[in-house]
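Listed below are the residues making up each chain.
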Amino acid sequence: MSNNASAKVNAEIEIRGVSKIFQNTDKEVVALRDINLSIPAGQFVCLLGPSGCGKSTLLNAIAGFALPSAGSIVAHGETVRQPGPERGMVFQEYALFPWMTVEENIAFGLHIKGLSKADITMRVAQLLSMLGLADFKQRYPKDLSGGMRQRVAIARILALDSPIMLMDEPFGALDALTRRNLQDELLRIWGELKKTIIFVTHSIEEAIYLADRIVVMTYRPGTVKRDLLIDLPHPRDPASAEFNALKRELGMLVMEEQQRHHDDEIKMAAVD
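A short tour of the structure in this document, coming up. (Residues numbered from 1 in each chain as written. Predicted model: local features only at pLDDT ≥ 70, side-chain atom pairs only at ≥ 80, totals over all residues. Heavy atoms only, no water.)

1. Describing the environment of leucine 174
- Topologically, leucine 174 is positioned in the loop between strand S8 (164-168) and helix H5 (176-193).
- Sequence spacing of leucine 174 and leucine 232 is 58 residues, and the spatial spacing of their C-alpha atoms is 25 Å. (Helix = DSSP H or I, 4+ residues; strand = E, 2+ residues; numbered from the N terminus.)

Here it is in structure tokens:
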């Protein structure tokens, strides 16, 4: 049902000895310590763990938004030193241009790349159809539901044809039904386009439903607590015995780190 992940061939993303230290006014905070991961092309990886374990910090480092304090990250054959078009980022907050229509938001990156008007029109039409947005192409973000806005955000990244998709709790603010619909949509897109996806979540069920590999991170400093390959076939049934056995296994791992977080807060309160 699950086993240790150890693939190191044809790595699309290679994370070697990555640490990240933030300097506050009165102390250093070690957010990540000695992270080592090798992620093959086309793999769907979920980073799982409680708040404060460094999931988003690691994702931002892969994206090039925050350079590591030590170690290196190689993505798509290049050392990551800044954001790049081969790494598309989808945020929880949608990050759409409010003054642009759905169609214009999706086309924005294609204009920057210098594609012809005909190519842009064709690519945008394909994505509007793929994500069920054709009837909403002239709407503005304020006129869309949260789920529709996130579809637009995903379409905008897909428009650039980035081989790597980085997703920071993209469905975290959505209701349960919309969340499941978008999870299924993402799995369909992943199956068709074979992107490499790194997906941050604190939801154990979401991680098992989506990923073929789950990396459980420890509470600060963030390290790799467990690295599991998930061999359940898609579509996955959250009511199945196999799914729930995994949910119990991962639940215990995450709760251990949640307890460490709780104990740490008690110690800090006692010092204050």
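So much for the structure itself; the text now carries on.
2. Observations regarding the pattern of salt bridges
- Within the structure shown, the criterion is met by 13 salt bridges.
- Between aspartate 143 and lysine 142 there is a salt bridge, with its nearest N and O atoms 3.2 Å apart.
- A salt bridge links lysine 225 to glutamate 257; the shortest N-O distance between them is 2.8 Å. Here lysine 225 is found in strand S11 (residues 224-230), whereas its partner glutamate 257 is found in helix H7 (residues 241-271), with 32 residues between them in sequence.
- Among the residues examined, lysine 225 registers a relative accessible area of 26% and is labelled partly exposed.
- Connected through shared salt-bridge partners, Arg151, Glu185, Arg188 and Glu192 make up one network. (Salt bridge = Lys/Arg side-chain N within 4 Å of Asp/Glu carboxyl O. Buried < 20%, exposed > 50% of the residue type's maximum accessible area, 1.4 Å probe, protein only.)

3. Things to note about the packing of aromatic side chains
- Taken as a whole and assessed by the stated rule, the structure comprises six aromatic pairs.
- Summarising the aromatic geometry, the rings of phenylalanine 44 and phenylalanine 199 are spaced 6.0 Å apart at their centres and angled 40 degrees between planes, so their arrangement reads as tilted. Linking phenylalanine 44 in strand S4 (residues 44-48) with phenylalanine 199 in strand S9 (residues 196-201), this pair joins segments that are 155 residues apart in sequence. For the residue pair phenylalanine 44 and phenylalanine 199, the accessibility class agrees, reading buried in each case.
- The interplanar angle of 25 degrees and the centroid separation of 6.2 Å between the aromatic rings of phenylalanine 65 and phenylalanine 91 together place this pair among those described as stacked. Of this pair, phenylalanine 65 sits in the loop between helix H1 (55-63) and strand S5 (70-75) while phenylalanine 91 sits in the loop between strand S7 (87-90) and helix H2 (102-113), and the two are 26 residues apart along the sequence.
- Chaining the aromatic ring pairs together yields one cluster made of Phe44, Phe171, Trp190 and Phe199.
- Just above the ring of phenylalanine 22 sits the side chain of lysine 20; from NZ or CZ to the centre is 5.3 Å.
- The ring centre of tyrosine 209 lies 4.0 Å from the NZ or CZ of arginine 180, which sits over that ring. (Phe/Tyr/Trp six-rings, centres within 6.5 Å; stacked < 30°, edge-to-face > 60°. Lys NZ or Arg CZ within 6 Å of the ring centre and 35° of its normal.)

By themselves, these are just geometric observations and shouldn't be taken as functional.
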